[in-house]
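Listed here are the chains, written in short residue letters.
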Amino acid sequence: MNFSKGKRFSVYAFCVLFFLLVIIVFSSNRVSASDGVLKVHYIDVGQADSILIDLPNDEVMLIDGGTYNMGKTVVDYLNKHGVTKIDYLVNTHPHGDHSGGLISVVGCDEFKIENIYMTKAFEAVPRFIEFTELLDSKRIEPVETMAGDILLDETVDGKRLKIKCVGPLRIDKDEFN
């Protein structure tokens, strides 16, 4: 399927915003933690996506991992920033430019991964199949998410921190972006 430049931008924007717009809902101002800030890192994985979020409750979220060839870049970035535990690892959809690099993250023993979230969408593309087979071999059961699912809802220092999925609203076998 060939998309116009405007359509590709819309698809990309949706993927990035899929979790970013949902990540935090504060009842007021900013949740304070050890340094009192939310940090969002856009990891340079070329024409793909990988986002690291340091949450104000000292937890870590990784959204997508770029392509398979960029997996080492993601692992190196996580190591450089002192990540040893990933509380929320999110694969937004089954395309290789989102799940490919996660193979390196899940496959190495450097990170303790608490929870893996992904949609119910499945596409028989090689890297996504490899990713799901790796999860099976490590006996990791991902949590399937849809719009409205809450990944986190807690109070930190009197402030509300909430992560809520805004998509997908439905599974469309013809369009996973």
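On a predicted model such as this, the values are computed, not experimentally measured, just so you know.

A.B. asks: Pulling in residues and values, what's your account of helix 2 (residues 71-80)?
C.D. replies: Note: α-helices contain 3.6 residues per turn, so residues at a spacing of three or four share the same orientation. The set of residues buried in helix 2 consists of Gly71, Val74, Val75 and Leu78. Here the buried residues of helix 2 occupy an arc of 100 degrees about the axis, which is enough to place them on one side. Of the exposed residues in helix 2, the ones pointing more than 90 degrees away from its buried face are Lys72 and Lys80. Those residues of helix 2 that are buried lie in contact with strand 2 (51-54), strand 3 (60-63), strand 4 (85-86) and helix 4 (102-107). Immediately downstream of helix 2, the backbone of Gly82 shows phi near 75 degrees, a positive value.

A.B. asks: Go over a nonpolar patch on the surface with me, naming the residues and quoting the values.
C.D. replies: Residues Leu38, Val40 and Tyr42 make up a contiguous nonpolar surface patch of about 270 Å² in total accessible area. Summarising the element assignment, Tyr42 is placed in strand 1 (residues 39-42). Using a relative accessible area of 54% as the deciding quantity, one classes Tyr42 as exposed.

A.B. asks: Give a description of the sheet that holds strand 5 (residues 88-91) that names residues and reports values.
C.D. replies: Two orientations exist for strands paired in a sheet by backbone hydrogen bonds: parallel and antiparallel. On the basis of which strands lie adjacent, the open sheet formed by six strands has the order 1-2-3-5-7-8 and mixed pairing. Only two strands of the sheet have a single neighbouring strand rather than two, namely strand 1 and strand 8 (143-145). For this sheet, the mean angle separating the axes of adjacent strands, direction not counted, is 20 degrees. Examined bridge by bridge, strand 3 and strand 5 share three bridges and lie parallel to one another. Paired with Ile63 across the two strands is Val90, which belongs to strand 5.

A.B. asks: Before we move on, could you go through the environment of Ser137 and cite the residues and values that matter?
C.D. replies: Positionally, Ser137 belongs in helix 5 (residues 126-137). Take Ser137: its relative accessible area is 55%, and that puts it in the exposed class. The spacing of Ser137 and Gly107 is 30 residues in sequence and 9.9 Å in space, taken between C-alpha atoms. Here Leu134 takes part through its backbone oxygen, which lies 2.8 Å from a polar atom of the side chain of Ser137.

A.B. asks: Can you break down the pairing of strand 7 (residues 116-119) residue by residue, with the values?
C.D. replies: Burial of the side chains of strand 7 extends over both faces: Ile116 and Met118 are buried on one face and Tyr117 and Thr119 on the other. In terms of strand pairing, strand 5 meets strand 7 through three bridges, oriented parallel. Opposite Asn91, over in strand 7, you have Met118 as the bridge partner. The pairing of strand 7 with strand 8 spans three bridges and is classified as parallel. Note on strand 8: the bridge partner recorded for Tyr117 is Val143. This β-α-β element, strand 7 to helix 5 to strand 8, shows right-handed connectivity.

About the cut-offs
- Residues numbered from 1 in each chain as written.
- Predicted model: local features only at pLDDT ≥ 70, side-chain atom pairs only at ≥ 80, totals over all residues.
- Heavy atoms only, no water.
- Buried < 20%, exposed > 50% of the residue type's maximum accessible area, 1.4 Å probe, protein only.
- Helix = DSSP H or I, 4+ residues; strand = E, 2+ residues; numbered from the N terminus.
- Arc of directions from axis to C-beta.
- Contact = heavy atoms within 4.5 Å.
- Patch = residues over 30% accessible without salt bridge, like charges linked within 9 Å, V, L, I, M, F, W, Y side chains within 5 Å.
- Areas by Shrake-Rupley, 256 points an atom, 1.4 Å probe, with all protein chains shown as cover.
- Salt bridge = Lys/Arg side-chain N within 4 Å of Asp/Glu carboxyl O.
- Pairing = 2+ DSSP bridges.
- Axes fitted to C-alpha atoms, helices over the stretch in contact; angles between N-to-C directions.
- Polar contact = N/O pair within 3.5 Å; in protein donor to acceptor, adjacent residues only side chain to side chain.
- Right-handed = clockwise from strand over helix to strand, strands pointing away.

So yeah, pure geometry; function would need other evidence.
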